[in-house]
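# Observations on the model geometry
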Amino acid sequence: MPNIEEVAELAAVFLEERVSNESMPIALIEGEHAQVGSEIMFDCQSVAYIRSGDLRDMAIGIGHVAVNTDTGECRLVGAVEAAELDLF
């Protein structure tokens, strides 16, 4: 199994390449992660919200980034699934 730094890097690259866009870059919230089976879940949010804490900058509907520790595959967890997991 890769270490947490390697898994976090996979999640960060996934966010940058597949989720973020010019108007709303999304990033990991440092230190926020939990293991669920073979996946490590990371909390994420808009860069603007992470910097400001202003609710107007918050990305709505975003859940977590899940990284499969066996395959390295990343996926975005929807808000409903994230709420059901109640990780953060």
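Residues numbered from 1 in each chain as written. Predicted model: local features only at pLDDT ≥ 70, side-chain atom pairs only at ≥ 80, totals over all residues. Heavy atoms only, no water.

### A closer look at the environment of glutamate 22
Rules: Under the scheme used here, helices are H or I runs from DSSP no shorter than 4 residues and strands are E runs no shorter than 2 residues, and both carry numbers assigned from the N terminus.
Tracing the chain through its elements places glutamate 22 in the loop between helix 1 (4-19) and strand 1 (26-36). Residues glutamate 22 and histidine 33 lie 11 residues apart in sequence; the distance between their C-alpha atoms is 26 Å.

### What about the pattern of salt bridges?
We count it as follows: By definition, a salt bridge exists where a carboxyl oxygen of Asp or Glu is found within 4 Å of a side-chain nitrogen of Lys or Arg. Buried means the residue's accessible area, taken with a 1.4 Å probe over protein chains only, is under 20% of the maximum for its type, while exposed means over 50%, and partly exposed covers the values in between.
Under the definition given, this model contains three salt bridges. Residues arginine 75 and glutamate 39 are paired through a salt bridge, measuring 3.0 Å at the closest nitrogen-oxygen approach. In this pair, arginine 75 is assigned in strand 4 (residues 74-78) and glutamate 39 in strand 2 (residues 39-46), connecting sequence segments 36 residues apart. What makes arginine 75 partly exposed here is its relative accessible area of 28%. Among the ionic pairs, glutamate 81 bridges to arginine 75, the shortest N-O distance being 3.0 Å. Owing to a relative accessible area of 30%, glutamate 81 belongs among the partly exposed residues under this scheme.

### Let's talk about the sheet that holds strand 4
Within a sheet, each strand pairs with its neighbour through backbone hydrogen bonds, oriented either parallel or antiparallel. Let me state the cut-off plainly: Whether two strands pair depends on DSSP finding at least two bridges between them. Interaxial angle, 0 to 180 degrees, is taken between N-to-C directions of lines fitted to C-alpha atoms, where a helix line uses only the stretch in contact. For this analysis, residues touch if any pair of their heavy atoms sits within 4.5 Å.
Sheet architecture is open: four strands sit in the order 1-2-3-4, paired in antiparallel fashion. Looking at the sheet topology across the chains shown, the edges are occupied by strand 1 and strand 4. Geometrically, the sheet is characterised by an average inter-axis angle of 30 degrees between neighbouring strands, direction not taken into account. Alignment of strand 1 against strand 2, held across seven bridges, turns out to be antiparallel. Looking across to strand 2, one finds that alanine 27 is bridged to glutamine 45. Across the sheet, helix 1 is in contact with strand 1, strand 2, strand 3 (62-68) and strand 4; its angle to strand 1 comes to roughly 130 degrees.

### So, the confidence of the model for the protein
What counts here: pLDDT runs from 0 to 100 and stands for how confident the predictor is about each residue.
In the predicted model, the protein carries a mean pLDDT of 93, and the fraction of residues at 70 or more is 100%. Averaged over each element, pLDDT in the protein is lowest for helix 3 (residues 79-85) (86) and highest for helix 2 (residues 47-52) (97).

### So, the environment of proline 25
Tracing the backbone shows proline 25 in the loop between helix 1 and strand 1. Residues proline 25 and glycine 61 lie 36 residues apart in sequence; the distance between their C-alpha atoms is 14 Å. Beyond its immediate chain neighbours, meaning those up to four positions away, proline 25 contacts Ser20, Gln45, Ser46 and Val47.

### Some details on the side chain of glutamate 39
Note the threshold: We call two N or O atoms a polar contact when they sit within 3.5 Å, provided that within protein one can donate a hydrogen and the other can accept it, with sequence-adjacent residues counted only if both atoms are side-chain atoms.
Since its relative accessible area comes to 16%, glutamate 39 is described here as buried. Within the local environment of glutamate 39, its side chain forms a polar contact with the side chain of arginine 75, the two groups lying 3.0 Å apart. Excluding residues that lie within four positions of it along the chain, glutamate 39 makes contacts with Ala34, Ala66, Val67, Asn68 and Arg75.

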